[in-house]
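# Summary of the model geometry
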4 protein chains.
Amino acid sequence: MDILFLSDNTAPADHRIVQAVAEAGIGYAKSYGSDKWTDEADELFKREFGEHTLYFPVLTGTGANVISLASALSTYQSILCAETAHIACDECGAVERFTGSKLVPIKTPDGKLTPEMLKPCLAHIGFEHQSQPKVVSISQTTETGAAYSTEELKALSDFTKENNLILHIDGSRIANAAAGMSLSLNQVCEGADIVSFGGTKNGLMMGEAVLFLNPKLAESAKYVRKQYGQLFSKMRYVSAQFIPYLRESIWLENAHRANTVAGRLAEGFTDKGITIKYPVDGNAVFAHLSDEQIKRLSEKYLFYVWDKTENLCRFVCPYTADESDTERLLALL
Amino acid sequence: MDILFLSDNTAPADHRIVQAVAEAGIGYAKSYGSDKWTDEADELFKREFGEHTLYFPVLTGTGANVISLASALSTYQSILCAETAHIACDECGAVERFTGSKLVPIKTPDGKLTPEMLKPCLAHIGFEHQSQPKVVSISQTTETGAAYSTEELKALSDFTKENNLILHIDGSRIANAAAGMSLSLNQVCEGADIVSFGGTKNGLMMGEAVLFLNPKLAESAKYVRKQYGQLFSKMRYVSAQFIPYLRESIWLENAHRANTVAGRLAEGFTDKGITIKYPVDGNAVFAHLSDEQIKRLSEKYLFYVWDKTENLCRFVCPYTADESDTERLLALL
Amino acid sequence: MDILFLSDNTAPADHRIVQAVAEAGIGYAKSYGSDKWTDEADELFKREFGEHTLYFPVLTGTGANVISLASALSTYQSILCAETAHIACDECGAVERFTGSKLVPIKTPDGKLTPEMLKPCLAHIGFEHQSQPKVVSISQTTETGAAYSTEELKALSDFTKENNLILHIDGSRIANAAAGMSLSLNQVCEGADIVSFGGTKNGLMMGEAVLFLNPKLAESAKYVRKQYGQLFSKMRYVSAQFIPYLRESIWLENAHRANTVAGRLAEGFTDKGITIKYPVDGNAVFAHLSDEQIKRLSEKYLFYVWDKTENLCRFVCPYTADESDTERLLALL
Amino acid sequence: MDILFLSDNTAPADHRIVQAVAEAGIGYAKSYGSDKWTDEADELFKREFGEHTLYFPVLTGTGANVISLASALSTYQSILCAETAHIACDECGAVERFTGSKLVPIKTPDGKLTPEMLKPCLAHIGFEHQSQPKVVSISQTTETGAAYSTEELKALSDFTKENNLILHIDGSRIANAAAGMSLSLNQVCEGADIVSFGGTKNGLMMGEAVLFLNPKLAESAKYVRKQYGQLFSKMRYVSAQFIPYLRESIWLENAHRANTVAGRLAEGFTDKGITIKYPVDGNAVFAHLSDEQIKRLSEKYLFYVWDKTENLCRFVCPYTADESDTERLLALL
């Protein structure tokens, strides 16, 4: 069975990343991040996101999200997010268990939050019977493959600032958002306070980072990272991956390739009369297939039937895919 | 400054491990552990520890310990451990925060627990004003470099079984214990229910495992691992390391080398009239230096003054050290 | 301002309850529940709910709910409840913080859950990326004033049993449900595993109880109650209230009075052309008032405008109200 | 069996307190503390402890302690306390479970902490591998019946201020400390930031309070109290007790009586050649009895053998005891 379109976690690490990992293994280095690779990665993130940026390398996406959120709020405060958000649906309650906080899932048409949706959640500020909203967490790109435009981001950022809230971005596919809109990484995070910066889905071996764009929020971050088991002893092996990833724009190259393939797949679906449900801003395509089409594809491919009630299927393109992969799948329909 | 003896986390990964990592990066593989490398590592752990063994790869030592403990107990139960235990002293309260449970630190002469020390802790079973003891957690080797003999282990294992307790081993240096006593990995864990099986300190790049020798305790483990952010998407990169580590006995070779150097260092200290505080059963040496000796060594080396009140200094030998490293240090004294 | 209809927490304790409290203050008594009042209350609860029933007196409604839920589940499991449930909306995230578990709020037309609504939540049993559903928590009567009929309860109870789930009832107004349907307390809890049995809203001074109708679930309850700060030292003062409350059917008398007044209020509203949104099965009335009506009532009364977007107003009748109270309010419209 | 000396929780509420409770039950009152009794109690606490004082009534001693501590610290911070502290030994891990923080138990000769004992705990400030000390929690009187003098308190208070720590007093027997040293309630709390102000052991029915003497620490307190299930709906019934307790100095009268009896008991023991282990500053006496004496007393009395290895027995005098009670017990020896 072909697992190519099942998830962007199925691809191996980029060969340039593997080489960087191998080269980081020379000589002794202080553990837990006091090493030259971590310093250099920090420098590169500052170049990308501004001098105020603080870089905390971690190992997994759940790690990046939980540490971001646990650093940002107290246990009596809540997190507002789309009801489709990865932190709400796919982390086995990790956020609730580690932070003790409440997640408030908000219904959205397409996985994107707007100030209008958030306003009603602020009705009970100061009322001790209800968790106090503190963080707005959005995904860029969203779990449905859409991206927040700079205008949409600005509206959210203005809203959170006005209401003394913190804006967190789950950026497990942040590179796909930037590549898709031809913007810089910083531009697709503009106005955010904390970013879970993803790498593993886009060519890294194991590497994510918590970026504090608002450094005042980082006071407890180093302790929280340790408590959550993500203070990696041989940290150089994570930081070494971010160096070529940022310096040589591997992030852009890989994300661009994945997005292009996704775009081609969506086109191919459309050509065959298949409806695409959400904007294809990154590397994911959500298509309404017929029972017959699902059956036919399922003989050769593994993929998620996202919502059985509407035959909505998800196809995610890894950075390693190319157009021949698309054509092969489309040919089956 | 030379950091050779500062910690066994300063050494790079073994070149054979790096090669295994590189070779794991071929083609697509299902994520989150449904891959052939994880199957093979599981097979090898079963060969080493018995068919009943369940293998849960994780990323960090804190991860292995917290997941072991959180799987084993309910939040009203407590963990008995030496007051010098890593879980009590060096994980920033990770255990308490994630499990909600109480750690009960017990005073010991040398970091090793005995049934006699544990007995008084069971005085209030069933009394709702006190956390209920459930797990005994020991370190093999201990944080002071000593190892539990098979007799000592048996005594603890009998005690825990008789009292309906769970025996957990923090085995971040389990290979050093086995190499030091010329025993198998299984023998130095005999009678334990759960083992945090360490690899990173002995040549792996990033790799630890939670081993359930008592598989009945693993019921919640997969959820707990996910909640604690250690369900790594590209799990093959961890499992691939354990394959040569176990199959080619890299664990033994590396641990033996580190232990040998530690033994030579202890001898050299003794020859110079320096007292060694704890048995050197693994790769750590705790020596009482004079102020003058500390000063002289500190000009060239970083090392921990473990207890300032008694000038007790810790030297840990990485698997990469050799006798010339020892001679160089001893020559300074 | 008249606060009569603001909440059923505004009324004082029933004079017979106050007398029972006063009489409990004679002589010494063992603390923490080892007293004759607690034994007698336990006996009365067993008479009401069956011999298997276990009675754990607590102090607050939040206490009863959190202890019920924390006893019933592990931290990787989730709680399914109506999105209007008190545990989801009005306990400041107490459940998430203390249990570490996820609450899954489910949209309902009227605050009542059905098996059909619950089924989709079981789609991912065994999938470690998602919290595992374990408890279904319903409110009897609901926060909207409706009650589950015995048929509705049976359907839920069958469903939870078939799916290895636990059925919890938040019974802060359980007496109103029983009185409203002319059923016994046991009948309106039929099939539940754990009941938060309320008293304070219906004439007690401070008294709730966690009732385990499924005693196997009570294994950790006494520890959990202590950990949650609800093991009251002078427990006799709580248990003493339940004795006349159950023996003399004060619960029924008071609930019946409150329900009757609520029914009369609903009738009065209807007579004036005001729409009642939810069935008035207990002591709460939810009515759609006009802006003008809200304004007029607000001059004399405090009450909750439950949903501003539809001018939905809540009136809760305390057990002390009588028909003259209703007439006085209605006269204003 | 006589339980008089078993615990100060065995006595009933003071009759004047019962009367106050009964009188609070007149008419409707807003719930959750927005009532005139709570306002008046607040006023009285301000008179006693200063205008800056913030009063949060709660229901149990565990409640007061957990809410105090959870308000004062973040989950990566730790609490330093005597290893005999009630929060460490007798609350079933409530603090760890609810706050997620680490308790650091410190060995003391008599249950009292000093700056010298605390200093070594500050060795690793800023080091992310260790929980960061934030709160020093002491008991006044201690669990061994001793009281901190104003000098001892000042030394601790100076130390905590210098080191950016918070001083918390577990004052479940604060009245006994004040009565024993002929000081005001404020004087025996001088320099503390937060006080768990006890009442239940000294004549209240159910009533404790969290007092913030440093009001800046109270920011999250109202939410934390709700989350911990101690926001009592009919709060007037707690506050009404504190009014006569403070206004009519019932606290002093009752504590004085209990202390006097304890003093007489200690004298009686000494007269019979029995050694008293700790200073009898309050209402508890710890005496080394012989096996024979323990046996003889045990025929008529229930009491705690605190430490079996040294035949150390605890006798606590409730506020209701008088000298005839003492003579009766002494006569048995």
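Keep in mind it's a predicted model, so treat the numbers as computed, not measured. (Residues numbered from 1 in each chain as written. Chains lettered and ligands numbered in written order. Predicted model: local features only at pLDDT ≥ 70, side-chain atom pairs only at ≥ 80, totals over all residues. Heavy atoms only, no water.)

### Let's talk about the overall build of chain A
Our working rule: Helix and strand assignments come from DSSP, with helices taken as H or I runs of at least 4 residues and strands as E runs of at least 2, each series counted from the N terminus. Accessibility here uses a 1.4 Å probe with only protein chains present; expressed as a share of the type maximum, an area under 20% marks a residue as buried, one over 50% as exposed, and anything in between as partly exposed. Contacts: residue pairs with any heavy atoms within 4.5 Å of one another. Counting rule applied: Lys, Arg positive; Asp, Glu negative; His and chain ends not counted. To locate a charge, take atom NZ for lysine, CZ for arginine, CG for aspartate or CD for glutamate.
Secondary structure summary: chain A contains 13 helices and 11 strands in total. Over its C-alpha atoms, taken along the principal directions, chain A stretches across nearly 55 × 55 × 35 Å. The burial tally for chain A puts 65% of its 333 residues in the buried class. Of the contacts formed within chain A by residues at least 6 apart in sequence, a portion of 74% connects residues at least 24 apart. Looking at chain A, you have 32 positive and 42 negative side-chain charges, and the mean spots of the two groups are 5 Å apart.

### Details of the confidence of the model for chain A
The test is simple: The score called pLDDT rates the predictor's confidence residue by residue, from a low of 0 to a high of 100.
Chain-level statistics for chain A give a pLDDT mean of 97 and a share of 100% at 70 or above. Taken together, the chains of this predicted complex give a pTM of 0.97 and an interface ipTM of 0.97.

### Examining the relation of the copies chain A and chain D
Copy one and copy two of the chain differ by a rotation about an axis and a translation along that axis. As a reminder of what qualifies: A least-squares fit on C-alpha atoms brings the copies together, and the residues used are those whose pLDDT is at least 70 in both copies.
Least-squares fitting of chain A to chain D yields an RMSD of 0.0 Å, with the superposition described by an axial translation of 0.0 Å and a rotation of 180 degrees. Classification of the inter-copy transformation places it as that of a two-fold axis. For chain A, the residue whose C-alpha comes nearest the rotation axis is A:S74, separated from it by 3.8 Å. An overlap of 100% is found between the interface residues of chain A and their copies at the interface of chain D, pointing to a shared contact surface.

### With respect to the sheet that holds strand β1 (residues 54-58) of chain D
Residue and element names in this part refer to chain D. We count it as follows: Only when DSSP finds a minimum of two bridges between them are two strands counted as paired. Here an axis means a line fitted to C-alpha atoms, over the contact stretch when the element is a helix, while the angle between two N-to-C directions is reported on a 0 to 180 degree scale.
The strand order β1-β7-β6-β5-β4-β2-β3 describes an open sheet built from 7 strands, whose pairing is mixed. Each of the sheet's edge strands pairs with one partner strand only, and the pair in question is β1 and β3 (102-106). Strand-to-strand, the axes of this sheet are offset by a mean angle of 20 degrees, without reference to chain direction. Pairing analysis gives 4 bridges linking strand β5 (residues 166-171) to strand β6 (residues 194-198), with the strands arranged parallel.

### Overview of the packing of helix α8 (residues 174-181) of chain D against helix α11 (residues 250-271) of chain D
Residues and elements named next belong to chain D. Rules: Roughly parallel here means an angle under 35 degrees, roughly antiparallel means over 145, roughly perpendicular means 65 to 115, and every remaining angle is called oblique.
The N-to-C vectors of α8 and α11 enclose an angle of 75 degrees; their axes lie 8 Å apart at closest approach. If you check the angle between α8 and α11, you find them roughly perpendicular. On α11, the residues touching A175, N176, A178, A179 and G180 of α8 are W251, L252, A255, H256, A258 and N259.

### Some details on the interface of chain A and chain D
Convention followed: The quantity reported as buried area is the accessible area (1.4 Å probe) lost by two parts once they are put together, taken as the sum for both. What makes a salt bridge here is a side-chain nitrogen of Lys or Arg within 4 Å of a carboxyl oxygen of Asp or Glu, nothing more. When residues are sorted by character, Ala, Val, Leu, Ile, Met, Phe, Trp, Tyr, Cys and Pro go into the nonpolar class, Asp, Glu, Lys and Arg into the charged class, and all the rest, Gly among them, into the polar class.
The partner chain D presents 16 residues to the 16 residues of chain A that form the contact. Summed over both sides, the interface between chain A and chain D buries roughly 1600 Å², with carbon and sulfur atoms accounting for 57% of that surface. Among the residues of chain A in contact with chain D, A:Y76, A:E128 and A:Y223 are the three that bury the most area, contributing 44% of the side total. Remark: the boundary between chain A and chain D carries 2 salt bridges. We note a salt bridge from D:E128 to A:R225, for which the minimum N-O separation is 3.8 Å. Considering each element in turn, the side of chain A that touches chain D owes the most residues, 5 residues, to helix α9 (residues 221-227) of chain A. Per-class residue counts for the side of chain A that touches chain D are 5 nonpolar, 7 polar and 4 charged.

### Digging into the environment of D:I26
You can see D:I26 is positioned in the loop between α1 (15-23) and α2 (36-49). A C-alpha to C-alpha distance of 53 Å links D:I26 and D:L122, two positions 96 residues apart in sequence. Every residue in contact with D:I26, bar those within four places of it in the chain, is listed here: C:P12, D:W37 and D:R236.

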